[in-house]
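Inside the fold
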Amino acid sequence: MSKQQQRGKQETASEDRSTEWVGERVNSYDGSRFVSGHGRYVDDIQRPDMLHAYFVRSQFSHAKVLDVDTSEAEAQPGVELVWTHDDIADQVNEPFGYMLNDEEVLASDRVTYAGQEIAVVVADDRDTAQDAADLVDVEYERLDTVTTVEEALEDDAPLVHPDLDADPENDTDGNVAWTGQVEVGNYEDPLADADVVVEETFDTNKTTPAPMEPHGCIADYNPATGKVELVSSTQMPHLLSVELSEVLTEFEQRDITCKLPDVGGGFGIKLDPYPFEICSVLLSKATQRPVKHVLDRLEEFTAGRGRAPETLEGKIGVTEDGDIVGLDVDLLQNTGAAAAYGVAVAYSSANCGQGPYLIPNQHWRTKVVYTNEMPTTAVRGFGDPQVTFMREQLIEMAAEEIGMDAVELRLQNSPRQEDMPMRSDAGHIWRNADQITCLEKTREMINWDEHRGGSKTRDGKLRGVGMGTIMKRGGNKSASGGDFDEAVVKMNRHGDVTVLTAIASIGQGTETGINQMVADTLGVPIDRVDAVRGDTDATPEGLGVWADRGTIIGGSAAARAAEELADTLKAVAGHMLEVDPDDLRLEGGRAFVADDPETGMELDELANVAMLGNPETLGTEAERPEELRGGISLVGRGKYQSQEVEFVDPETGRGNVAHSYTFGALAIVVDVDPGTGEIDVVDVAICEDVGNVINPTLVEGQVQGAIIQGLGEALYEEYVYDRNGNLMNGSMIDYHLPTAADVPLVTKIEELENPDPTTSHGQKGVGECPLVPTPAALANAVYDATGIRFTELPLAPHYVLPALDEAGLREI
Amino acid sequence: MLIPVAPQWETDVQGLKYANPETVEEACTLLRDHGEDAAILSGGQSLLPMLRQRVGSYDKVIDINGLPDLEYVRETDGEIRIGCLSRHVDVASSSVVEEHCPILADVAAEIGDVQVRNRGTFCGAVAHADPSGDPPVVATLLDATIVARNADEKRTLSGSSFYHGFYETDLSKDELVTEVRFPVLSAGEGAGFEKYEPTEGAYPVATVGAYLSLADDGRIENATLVTGALEAGPTPMDDAAEVLEDREPTDDVLTEAAEQLGEDTMPVDDFEGSAAFKTNISKKLAKDALQTALDRAENER
Ligand SMILES: Cc1cc2nc3c(=O)[nH]c(=O)nc-3n(C[C@H](O)[C@H](O)[C@H](O)COP(=O)(O)OP(=O)(O)OC[C@H]3O[C@@H](n4cnc5c(N)ncnc54)[C@H](O)[C@@H]3O)c2cc1C
């Protein structure tokens, strides 16, 4: 660990808190269960008498639904019910949606993308349900399809949602679902001060994060209570009950208990309330039996949602001396047939689009546009990878234009740690981040100066280096109404600790970090701490895992809860030991006087005494200090509510959109094969300022995973639709995810630990960040290698080779 | 382990009738009686994905994994013989193959991923005739001998004329491939295989196999070029091969043949790339495959 990191650590570690676990390579709390095959995902869970549901999905991307004949399916042995829109219409508030009301649970009279839910079959087993679904006869009348933003914006374009367009209450205008802007400084002429303006249009790709576990749930309705228990593979158990209660007319939030099973990945697409969850609740109510609905992989591809492709027309203005003076951007998001999180993706990525730079004049114009494709939504990075793909290429283009090294240009325009806390141009509150060192370290680790300028390797490959940067939000109040989490930390008579948190575990390990923070606050060994996650009957309120908020917000809440419990333990120990509780320290499973470690007692004994609370051990209540009278509760409560975060101003698009921001830089060296167009990523280096590292192993895992996910999206992945809106490559055979053999093992990982003064342990967000700059850095490296500017993702051989050919670089 | 049962339909797996015969005779009897609507299960790496995706018109599965003595890779009478229960990994790691026909190892070692190679059979891939399959390309290239059995007889089929487009071969529905034989390449002969797969483990988008034999004076005597995945199955590229015949194997000559091959391919535009892209990449693959073939032919001298 560097000196700087050490220094960071000391700044926040409060004097009396143990530092035994935070910062250590503690094994993942769930790890041994998962690697030994003892995880329990939705599909592993069996309930007595359970039914299984399967959807009938639209064959066409845009059509009127004239008739749905369910009779043959209903006649199948083992089929319980077959429902169409009419069967649920009076039980749901429609249209519904996360930010815009543009979805139906089952299509009523129109379908707007191929794969949309039209009917649902519920049967004794899944095969029967699937076979019966094949027998549902849907009569369609085809309508003209729009699949691209350009088509969708034409004057006479077919409308994806004519009802919303016609509704005077609704903002939908033609196919434009939402329009926004970010206005900073001289936004009317943001490039006025520029000596040089560089402009280019970039197109990003539609992708799926393809979590290993598909979406799925079990709904179990109890007719006696009128309540339903929903075990769902989700990232936001508490918000899910809120969201579902808004759609389901007969259910209040209190009627929907959401419980988390093990979740095999989420990456953002397990945030929306989905039709399968809504239908399962209603089907369980109707049949009075548990209903399981797990999507299959092909359904995941056509209807599981993914990252929105965007067209970004950008202009950057710089002075001859290398000051960035302005940014002017038109952002068009192809949101698909429903916007889901698309609006938040658009406004927050435009708000954060300036990245880790000082850019005094900016004008962003954003449009979220409907097309007849699968809806898009939140995906790791949440719009930042798209805008970063544009911004970081514009920056390297501008650097070349003015004859300056691209890292130097970045350094010159980055904020200085000593100026923080500060407001960025777009209104972010930046605290204690050292972007300068991130850039310099990354440059050094990747051997920038040696590679820059491009070269030919001995085996004839074209080599180059490129960079991208990170300024990633942690949290997003405008998307959730506030940014908070509650936590409860309780102790039993043996001194074992349980953390109750609304934070979901989706494989990323947030609970492990939370347990470490709690273990240190209470001074107990890590293996004495358990976590209960996402059970709305048991865990206190919170918003779930997304936007890198879990460890920041949920972790700080849990640390506060642990502090409350620690205060109680100290009070009891102080009373027993007849010392001032303030002189006590909790560590190594003991409470002892900090200056006199011999004077102390074991925590399990302490817990037992406190839990039983008998006068024989503690003296009469009259003899005890005030706080130990009337029963000693070994429950600590904590809440963390960001006071810094702001709603984005709807007029200017400015504001402190998130609680905190993680800065960083990433560089990539590539070899481009002039014979095949294949790109070999030969080296990756990343330096981020992630605040105090709670668990280096988990941070490295997130960094490696995010970079590889980013490389997959940058090199291989894309949804390919034909003109009729049919997905051409919707299977694991045809949609190419990177394998371990395709990507490097990323080991050049440097984490700066400048603590965030507002969080419990100085932590900042980590999980999404490294994905953000990856596509941009890759494209910059390929430019350095070939002199060809790739403005479209992915940089797959079938796009690269033709470009090499055209540039006269192709060889055989 | 599989429990051997009599040749009758025993279990009912997901609506499919399943049998696992103990002898080749039993298997062939089952095929005779049910070949029209039964699928052979060897490695299952193609069959199971099809069943899961509910494509294919079978209602019976004949599992041949219990048949005795069919797992071997050996050299007999100037031929490499691969039994129908040998897996891709067996071919990839065989010393006989390495010594006498290394192209087979090149092919087998790059099929799918480790799991696919541990289960999938080389003969199964030859028989299955997936248009993107790799073993069919090399079976065509080297004119393998395909040994097929039915209830009445055993016959041998020629690899160079075995394939007829999408999943179409000379096999009849009642036949079992028990063995595939490849020639031992002798001094002055060499073969190379190259493929482009979008990611590791994915099905290839373009493959090229090249075979060369050199005359004593070092000129190219015979040449064969076969593509795969670009069209409906293995496709011999005779005009490109002709470019090579009787020529000095210079870099320019190999390039000329590779260019010719590319021009003669007839791929289609799809999500894996445009026809022009596939044409261009096949040129590169052809060049590299020819270079390997040449190096091997020269080293064997
Ligand atoms: C992820 C993945 C990637 C793959 N990538 C590649 C690749 O890159 N290149 C490649 O070539 N292949 C690839 N494959 C396919 C693999 O090679 C299969 O193993 C092969 O195609 C079929 O062999 P099998 O033994 O698995 O046959 P099975 O799946 O058991 O059988 C498939 C069909 O072949 C026929 N068949 C099988 N054995 C016999 C026999 N002895 N006699 C007569 N007919 C028979 C039958 O019709 C049978 O139904 C891949 C498969 C997967 C799952």
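Quick caveat, the model's predicted, so the values are computed rather than measured.

Quick notes on the overall build of chain B
- Secondary structure assignment for chain B yields 11 helices and 13 strands.
- If you take every contact in chain B between residues at least 6 apart in sequence, the share linking residues at least 24 apart comes to 58%.
- Total accessible area on chain B is roughly 12700 Å²; 44% of this is exposed by carbon and sulfur atoms.
- Mean positive and mean negative side-chain charge positions of chain B (24 and 58 charges, respectively) differ by 5 Å.

Let's talk about the sheet that holds strand 6 (residues 79-83) of chain B
Residues and elements named next belong to chain B.
- The sheet built from five strands is open, its strands ordered 5-6-9-7-8 with antiparallel pairing. In this open sheet, the two strands that pair with only one neighbour each are strand 5 (73-76) and strand 8 (154-158). Averaged over all pairs of adjacent strands, the angle between strand axes in this sheet comes to 25°, irrespective of strand direction.
- Inspection of the sheet shows strand 7 (residues 145-149) paired to strand 9 (residues 176-183) by five bridges, in the antiparallel sense.

With respect to the packing of helix 10 (residues 251-264) of chain B against helix 11 (residues 275-299) of chain B
Residues and elements named next belong to chain B.
- Between helix 10 and helix 11, the least distance of the axes is 8 Å, while the angle of their chain directions is 140°. By the angle between their axes, helix 10 is oblique relative to helix 11. Here the hand of the crossing between helix 10 and helix 11 comes out right-handed. On helix 11, the residues touching D251, L254, T255, A257, A258, E259, L261, G262 and E263 of helix 10 are T279, S282, K283, A286, K287, L290, Q291 and L294.
- Along the lines of polarity and charge, the residues of the contact of helix 10 with helix 11 split into seven nonpolar, five polar and five charged.

Focus on the domain arrangement of chain A
Residues and elements named next belong to chain A.
- Under the domain assignment used here, chain A contains domain 1 (42-143 + 214-263 + 270-303), domain 2 (378-475 + 661-806) and domain 3 (484-641).
- A separation of 40 Å is found between the C-alpha centroids of domain 2 and domain 3.
- Put simply, domain 2 and domain 3 have 10 residue pairs in polar contact (both at pLDDT 80 or more) between them.
- Of all the secondary structure elements, the ones that give two or more residues to the side of domain 2 that touches domain 3 are strand 19 (462-474) and helix 21 (696-715).
- The class makeup of the residues in the side of domain 2 that touches domain 3 is four nonpolar, 11 polar and four charged.

A look at empty space enclosed by the protein
- As enumerated under the stated definition, the model contains seven cavities of 30 Å³ or more in all.
- Taken as a whole, the largest cavity holds about 100 Å³ of empty space.
- Along its surface, the largest cavity is lined by 15 residues, and Y716, H736 and H798 of chain A together with P198 and E272 of chain B are the ones closest to its centre.
- When its residues are assigned to classes, the lining of the largest cavity shows eight nonpolar, three polar and four charged.
- Taken as a whole, the second largest cavity encloses approximately 60 Å³ of empty space.

As for the interface of chain B and chain A
- Taken together, the contact pairs 21 residues of chain B with 29 residues of chain A.
- The junction of chain B with chain A conceals about 2100 Å² of combined surface from both sides, 61% of it contributed by carbon and sulfur atoms.
- Linking chain B to chain A there are zero salt bridges.
- At the surface where chain B touches chain A, the tally comes to five residue pairs in polar contact (both at pLDDT 80 or more).
- Contributing elements (two or more residues each) for the side of chain B that touches chain A: helix 10 and helix 11 of chain B.
- Per-element tally for the side of chain B that touches chain A: the top contributor is helix 11 of chain B, with six residues.
- When its residues are assigned to classes, the side of chain B that touches chain A shows eight nonpolar, five polar and eight charged.

A closer look at the pattern of salt bridges
All names here are of chain A.
- For the structure on display, the rule yields 66 salt bridges over all chains.
- Among the ionic pairs, R305 bridges to D272, the shortest N-O distance being 2.8 Å. In this pair, R305 is assigned in the loop between helix 10 (297-303) and strand 13 (310-318) and D272 in the loop between strand 11 (256-259) and helix 9 (275-287), connecting sequence segments 33 residues apart.
- Residue class for R305 comes out buried when judged on its relative accessible area of 3%.
- When its relative accessible area of 2% is taken as the criterion, D272 is described as buried.
- Connected via shared salt-bridge partners are D30, R33, D262, E511 and R533.

Quick notes on the pairing of strand 6 of chain B
- Among the five residues of strand 6 of chain B, five are classified as buried, and the element is accordingly described as predominantly covered.
- Between strand 5 of chain B and strand 6 of chain B, which pair antiparallel in sequence order, lie two residues; one of them, D77 of chain B, sits at a positive phi of approximately 50°.

Some points on the packing of aromatic side chains
All names here are of chain A.
- Evaluated as defined, the whole model comprises 16 aromatic pairs over all chains.
- With 4.8 Å between their ring centres and 90° between their planes, F60 and Y140 make a pair best called edge-to-face. Of this pair, F60 sits in the loop between strand 1 (51-57) and strand 2 (63-69) while Y140 sits in strand 6 (residues 137-142), placing them 80 residues apart in sequence.
- What makes F60 partly exposed here is its relative accessible area of 25%.

Considering the domain arrangement of chain B
All names here are of chain B.
- Taken domain by domain, chain B comprises domain 1 (11-63), domain 2 (73-183) and domain 3 (189-296).
- Look at where the C-alpha atoms of domain 2 and domain 3 centre, and you get two points 20 Å apart.
- Contacts between the two partners involve 20 residues from domain 2 and, on the opposite side, 25 residues from domain 3.
- Note on domain 2 versus domain 3: buried area summed over both sides is about 1700 Å², and carbon and sulfur give 66% of it.
- The interface formed by domain 2 and domain 3 contains two salt bridges.
- The residue R296 makes a salt bridge to D106 at a minimum N-O spacing of 2.9 Å.
- Inspection of the region where domain 2 meets domain 3 yields five residue pairs in polar contact (both at pLDDT 80 or more).
- Every element with two or more residues in the side of domain 2 that touches domain 3 is listed here: helix 5 (102-109) and helix 8 (135-141).
- A per-class count over the side of domain 2 that touches domain 3 returns 11 nonpolar, four polar and five charged.

Points about the site of the ligand
Residue and element names in this part refer to chain B.
- Looking at the ligand, there are 31 residues lining it, with G43, G44, L47, T121 and D134 nearest.
- A distance of 2.7 Å is found between an oxygen atom of the ligand and a side-chain nitrogen or oxygen belonging to T121.
- Between the ligand and D134, the relevant distance is 2.7 Å, taken from an oxygen atom to a main-chain nitrogen or oxygen of the residue.
- Calculation on the ligand without its partners gives an accessible area of 950 Å², and the protein chains cover 90% of this total.

Observations concerning the UniProt feature "domain: Aldehyde oxidase/xanthine dehydrogenase a/b hammerhead" (unreviewed entry) in chain A
- Here, UniProt's "domain: Aldehyde oxidase/xanthine dehydrogenase a/b hammerhead" (unreviewed entry) annotation points to residues 36-144 of chain A.
- When the span residues 36-144 of chain A is considered, its composition is 17% helix and 31% strand, and the gap between its end C-alpha atoms is 51 Å.

Focus on the environment of P237 of chain A
Residues and elements named next belong to chain A.
- Structurally, P237 can be placed in helix 8 (residues 237-247).
- The class of P237 is buried, set by a relative accessible area of 0%.
- A C-alpha to C-alpha distance of 7.1 Å links P237 and A502, two positions 265 residues apart in sequence.
- Beyond its immediate chain neighbours, meaning those up to four positions away, P237 contacts C258, L260, A502, A504, G534 and T536.

Some remarks on the pairing of strand 19 of chain A
All names here are of chain A.
- Within strand 19, 12 of the 13 residues are buried, which leaves the element mostly enclosed by the surrounding structure.
- When strand 18 (residues 455-456) meets strand 19, the two strands line up antiparallel, connected through two bridges. Directly across from K456, in strand 19, lies its bridge partner L462.
- Taken together, strand 18 and the strand that follows it, strand 19, pair antiparallel across an intervening segment of five residues, in which G460 is found at a positive phi of about 85°.

Some points on the side chain of D328 of chain A
Residues and elements named next belong to chain A.
- Tracing the backbone through its elements, the reader meets D328 in strand 14 (residues 324-336).
- D328 gets classed as buried once you look at its relative accessible area, which sits at 10%.
- At 2.9 Å, the side chain of D328 forms a polar contact with the side chain of R365.
- When residues no more than four places from it in sequence are discounted, the contact partners of D328 are P190, L191, E313, G314, K315, H363 and R365.

The rules behind each value
- Residues numbered from 1 in each chain as written.
- Chains lettered and ligands numbered in written order.
- Predicted model: local features only at pLDDT ≥ 70, side-chain atom pairs only at ≥ 80, totals over all residues.
- Heavy atoms only, no water.
- Helix = DSSP H or I, 4+ residues; strand = E, 2+ residues; numbered from the N terminus.
- Contact = heavy atoms within 4.5 Å.
- Areas by Shrake-Rupley, 256 points an atom, 1.4 Å probe, with all protein chains shown as cover.
- Lys, Arg positive; Asp, Glu negative; His and termini not counted.
- Charge placed at Lys NZ, Arg CZ, Asp CG, Glu CD.
- Pairing = 2+ DSSP bridges.
- Axes fitted to C-alpha atoms, helices over the stretch in contact; angles between N-to-C directions.
- Parallel < 35°, antiparallel > 145°, perpendicular 65-115°, else oblique.
- Left-handed = near helix turned anticlockwise from the far one by under 90°.
- Nonpolar A, V, L, I, M, F, W, Y, C, P; charged D, E, K, R; others polar.
- Domains from an automatic or database assignment.
- Polar contact = N/O pair within 3.5 Å; in protein donor to acceptor, adjacent residues only side chain to side chain.
- 1 Å grid on protein atoms, 1.4 Å probe; cavity = no way out; pocket = protein on both sides within 12 Å on 5 of 7 lines; lining within 4 Å.
- Points joined across faces, edges and corners; volume = space filled by probe spheres on them.
- Buried area = accessible area lost by both parts, 1.4 Å probe.
- Salt bridge = Lys/Arg side-chain N within 4 Å of Asp/Glu carboxyl O.
- Buried < 20%, exposed > 50% of the residue type's maximum accessible area, 1.4 Å probe, protein only.
- Phe/Tyr/Trp six-rings, centres within 6.5 Å; stacked < 30°, edge-to-face > 60°.
- Near = heavy atom within 4 Å.
- UniProt positions renumbered as here; feature names shortened; annotations may be inferred.

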